[in-house]
Structures are given as structure tokens and as C-alpha cells.
Amino acid sequence: MPNKVTVIGAGLAGSEAALTLAENGVDVTLIDCKPGKLGPANVNTDFCELVCSNSLKSTDECTAHGLLKAELRMLGSKVLEEAEKSAVPAGSALAVDRNMFARRVTQRLKNCIGDIRCELAGEADDGYTIIATGPLTLPPMDVFISENFGRLHFYDAEAPIVSAESIDMSKAFFAARYGKGDDTDYLNCPMDREEYESFYNALINAERADAHEFEKGEIFEGCMPVEVMAARGKDALRFGPMKPVGLTDPVTGKRAYAVLQLRKENAAGDMYNLVGFQTNLKFGEQKRVFGIIPALKNAEYMRYGVMHRNSYIDAPSSIDRFFRSKRNEKLMIAGQLSGVEGYVESIASGKMAAIHTLRMLEGKEPMPLPETTVMGALSAYISTPNPEFQPMNANYGLLPPLKELPRDKRMRKEAYGRRSLEDMKKYTESYLWK
Ligand SMILES: Cc1cc2nc3c(=O)[nH]c(=O)nc-3n(C[C@H](O)[C@H](O)[C@H](O)COP(=O)(O)OP(=O)(O)OC[C@H]3O[C@@H](n4cnc5c(N)ncnc54)[C@H](O)[C@@H]3O)c2cc1C
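The rules we used
Residues numbered from 1 in each chain as written. Predicted model: local features only at pLDDT ≥ 70, side-chain atom pairs only at ≥ 80, totals over all residues. Helix = DSSP H or I, 4+ residues; strand = E, 2+ residues; numbered from the N terminus. Rg over C-alpha atoms; globule rule 2.2 N^0.38 Å. Buried ≥ 20, exposed ≤ 12 C-beta atoms within 10 Å, placed from the backbone. Contact = placed C-beta atoms within 7 Å. Near = placed C-beta within 6 Å. Nonpolar A, V, L, I, M, F, W, Y, C, P; charged D, E, K, R; others polar. Pairing = 2+ DSSP bridges. Axes fitted to C-alpha atoms, helices over the stretch in contact; angles between N-to-C directions. Left-handed = near helix turned anticlockwise from the far one by under 90°. Core = buried A, V, L, I, M, F, W, Y, C linked by C-beta atoms within 7 Å. Domains from an automatic or database assignment.

J.: Please explain the overall build of the protein chain as it appears in this structure.
T.: On a plain count of helices and strands, the protein chain comes out with 13 helices and 18 strands. Taken over C-alpha atoms, the radius of gyration comes to 22 Å for the protein chain, in line with the 22 Å a tight globule of 434 residues would show. Projected onto the principal axes, the alpha-carbon positions of the protein chain cover approximately 70 × 50 × 45 Å. Put simply, the protein chain has 434 residues, and 47% of those count as buried. A sequence separation of at least 24 residues applies to 71% of the contacts in the protein chain between residues at least 6 apart.

What follows is the structure, given as C-alpha cells:
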């Protein structure tokens, strides 16, 4: 049996994958361009660098991110363990001292991997390989990835996604513009003139997230953020993503002054995307400003809008749920490149790629993670056909609905959590690794 794996990229996903494999006795070669070359967002020569926020989000198991962490702990995540040892006080969030965290992971990698190479990689050989060079993958690896996994998408201009149950349905109505198409596809959020004006003023004055130097300029050509469009004039949105024509508000029997359309994000219809509202506003500002739209007053955000450089593959067409290339099962891809979004999600994908590789090294088929777990649901998401595929972070909308839904929100989340951790326990009992 082969017992050799190459991991390319020692970020969050690559470090988790390399540590999991090496600490289970696999002969790992780890390749990263660091410390010889740093990417455009990197400042630290150590591996496993957090390039932006130092927060790995909530630890509360009644949140999707808290639940994901609990699952990762059950699977023995090495990177999460080092994050917890580098924690700084942050209430119910796991925030870390980023330098200590990167140093600890780098040292642990050096302790168990003899073959760590500083190389700007541009290809993989025929053996088992996990590519995890991240959203800012440096050339020439981008060319190799495109050749083997299809065209790379470069920019994320994502609109926020809200949960269906948090939308005030008394302030929204289903209708297709001019009655064309299925009238359950779009949920319309009307505004009168006064509401629109207060929304507009809040939007143009809202605080935006900083763009990195390497992201300035290019991003706005292809996909304009809603706040940039609004700044062009008071009516720009009413002639753009908020145009009210062809839609009659059933409450007033008239056309509204402005309308935001929401589109179903998943087949279950429990998540909605704010159409045309790609945005670079800070997360808190998105909640405040979009909350001025009456139907979204109490909206719960499953994913906030983001605009940043982000390379990722069209995962559903090129990889399976085990993160393996559909053309070559020894070639795997993990981390943000594979279509998961976020630090902890990247760690989780590295863990999944590694445990599936361990099975293949034993000559066995990988075992899918239960779809009732956040990790299993994420791997199902990235491998399910989706013409609008975009990277996704952990959220409850990915999980199959419970048979009995408690009315109380917290109890519902507890029920999702219990089901996930019970199923994950069975998974770990049926298959052992360190
Ligand atoms: C600018 C930016 C900010 C982000 N901020 C956040 C945030 O605040 N919170 C959050 O949850 N998520 C954030 N993300 C999303 C994502 O979670 C992180 O990018 C995360 O680090 C992705 O993990 P990864 O393992 O896929 O890649 P990375 O952690 O980026 O690791 C990739 C590794 O590959 C190496 N590498 C790259 N190219 C090559 C090559 N050709 N040869 C050899 N080595 C190479 C790099 O040196 C690096 O060590 C951000 C993304 C970007 C782009």
C-alpha cells in the first residue's frame, strides 16, 4: 500500500490535512512558498496565517460555527487545538493571538514532518496530493488547477443570504415580474417613498470594509456593490436592482416606490439571497442598513455579503464529496479553493480531505460524513450540481430539516446540534484515526 502524500499549501486547510496524515503515520511532503515568498495578503513567514480577522467565530454550540467546532473537536482537529491554546479573551467567540497560533502550528508541523519544502509549486505528481493553496493561490499553481479542475473563479461579489423564517412575510409578497415565470421564485420586499429615502441615506453613509491594495480597482468593473451604485444618484437603485416595475403590491394594489427582490438560495427554500445586493459594507452595517427594508427588519443573516479576491473552482462539476478530482481520485483539493468559505470551514475541509485520504491509503473507499453534520452538509453542498455555485460558509440552512421542528429558536438549534453530534459520534466509532 502507498503511504506517501504531498500537501501543497500550509494554510488552514493544508496544515490540518498535513498534521492529520503525519500524526497517523503517513509520510508527508509539505510544500509552501513560505518563507521564501509571501502572498499579497501575507505578512508572517510562519504557516497557517490568519490574513484578516483574528476571530474563528462563535464557540456557542447553538450557532452553526460553534457546532462546526464541536464536530471538529470530535474528529480531533489539530489546528483547532492549537487555536484554542492561542486563544485571547473574546466572549463566546474563539479569537486567537495570530502570531502565537501560526508559530504553534508551524512548530507542530516541523515536529512530525521531515520533508517540508519551500517552493512555489506549479504542479502535482502522480501520487496522492492535496492542493490547498488558498483563495490567493500564486502562479503557476493557478494554471495547473485550471487545467485539472476547470476554470478558476477569481472574485467574490456575494450578496447576503437571510433565513426564510426571519423575513417578515406580512411585509413581502411572492410574484414574478410582469407575471412571467414561476411566481414563487421571487419574494418581493416593497418600500414606500419615505422608507426608500431613509434606506438610501443610510446606505450611502454606511461604513465600508477596507479593501486590500491588491483588490482595489479591478473588483468594481464586473460587479458593482449596491452602495457604489447608490452613490451615483438617488434613483440609481430604483432603475437597477430595486426597480418596482411589473410588480403590484397586493396590500396596496399598486406598484411600490422601490422593491428589493429575494431569490431562493436552496431547494428547501429556507434561505433567500438579496438579489443584486452584492456589497462591501461592514457586517454590522449590512444588518443595520438592510434592516431598514421593512420585510428584513429582523432578518437573520446566514451569510453576509463580501467582496474580495477569492480563487475557487466550480466544485460541483469537478470534485466529488470527498474533495477528489472527478478525473483523478488521487488528486484532491481543500480549503477555500474547494468552495468552502471561512477559516474554520477551511480547517474542516482539510480534515475531511485527510481522513478520506487515510481510507484510500488503506485501499478502502472513503466514508461520507453524515449530511446531518455541518461538515457533511458542506461537502454535500460543494458536490451538488449548482449553476450559481459560490463558496459557502457554515449555516443551518445547509442541514436537512428536522422531522419535528421545535418552535423556540434556541431549542431548534439545540436539536440540530444534538442530531449532528450523535451522528458524528457514530461516524467516529465506525472508523478510527488519531
Ligand atoms: C483577503 C482575505 C481575507 C479573508 N478574511 C477572512 C476572515 O476574516 N475570516 C474568515 O473566516 N475567512 C476569511 N477569508 C477566507 C478564508 O477563510 C481564508 O482565506 C483562509 O485562510 C483559507 O484557507 P486555505 O487553507 O484555503 O488557504 P490559506 O490559509 O490562504 O493557505 C494557502 C497557503 O498556500 C500557500 N501558497 C499559495 N500559492 C502557492 C503556490 N503556488 N505554491 C506553494 N504555496 C502556495 C500560501 O503561502 C499559504 O500558506 C479571507 C480571505 C481573503 C482572501
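J.: Explain the site of the ligand to me, please; I cannot follow it from the model alone.
T.: Residues in close proximity to the ligand total 37 residues, the closest being Gly-9, Gly-11, Cys-52, Gly-134 and Gly-335. Elements that contribute at least two residues to the shell around the ligand include exactly helix 1 (12-22), strand 2 (27-32), strand 17 (306-312) and helix 11 (343-361). Residue composition of the shell around the ligand, by class: 19 nonpolar, 15 polar and three charged.

J.: Just checking my understanding: could you explain helix 1 for this structure?
T.: An α-helical turn contains 3.6 residues, so a residue and the one three or four places further along point in the same direction. The element helix 1 is extensively covered by neighbouring structure, given that 11 of its 11 residues are classed as buried. Tucked into the core, helix 1 has its buried residues touching strand 1 (4-8), strand 2, helix 3 (78-85), helix 4 (98-112), strand 7 (128-131) and helix 11.

J.: Sorry if this is basic, but what is going on with helix 2 (residues 64-74) here?
T.: Judged by how many residues are buried, helix 2 sits mostly within the fold: eight of 11 residues are covered. Those residues of helix 2 that sit buried are Ala-64, His-65, Gly-66, Leu-67, Leu-68, Lys-69, Glu-71 and Leu-72. Elements that come into contact with the buried residues of helix 2 comprise strand 3 (55-58), helix 3, strand 5 (93-96), helix 11, helix 12 (374-383) and helix 13 (409-430). Looking one or two places after helix 2, you find Gly-76, whose phi comes out positive at around 75 degrees.

J.: Would you mind showing me how to read the sheet that holds strand 3 here?
T.: Each strand in a sheet pairs with another by means of backbone hydrogen bonds, the pair being arranged parallel or else antiparallel. Across the sheet, three strands lie side by side as 3-5-4; this open sheet has antiparallel pairing. Both edges of this open sheet fall to strand 3 and strand 4 (87-88), since each of them pairs with a single strand only. Lying on the sheet, helix 3 is in contact with strand 3, strand 4 and strand 5; it crosses strand 5 at an angle near 80 degrees.

J.: Could you clarify how one ought to interpret the packing of helix 1 against helix 4 in this entry?
T.: Each pair of packed helices can be described by the angle between their axes along with the distance between the axes. Close contact between helix 1 and helix 4 brings their axes to 10 Å; oriented N to C, the two are set at 35 degrees. Helix-helix and strand crossings are classified by hand; for helix 1 and helix 4 the assignment is left-handed. For the pair formed by helix 1 and helix 4, the contact residues are Ser-15, Ala-18, Leu-19 and Ala-22 on the first element and Val-105, Arg-108, Leu-109 and Cys-112 on the second. Among the residues making up the contact of helix 1 with helix 4, the classes are represented as six nonpolar, one polar and one charged.

J.: Explanation requested: the nonpolar core in the structure shown.
T.: Nonpolar side chains in soluble globular proteins generally cluster together in the buried interior. Counting 78 residues, the largest nonpolar core has Ala-17, Ala-18 and Leu-378 as the members making the most contacts within it. The element best represented in this core is helix 11, accounting for nine residues. Those residues in contact with Leu-378, other than ones at most four positions away along the chain, are Val-340, Glu-345, Ala-348, Met-392, Ala-394 and Leu-398. If you look at the next biggest cluster of nonpolar residues, it comprises 39 residues, including Cys-189, Leu-237, Leu-247 and Val-289.

J.: How should I be thinking about the domain arrangement of the protein chain in this particular structure?
T.: Accessible area lost upon the coming together of the parts is a frequently used measure of interface size. Here the protein chain is described as being made up of domain 1 (4-152 + 313-430) and domain 2 (161-307). Centre-to-centre, using C-alpha coordinates, domain 1 lies 32 Å away from domain 2. Taken together, the contact pairs six residues of domain 1 with nine residues of domain 2. For the side of domain 1 that touches domain 2, the per-class residue count stands at three nonpolar, three polar and no charged.

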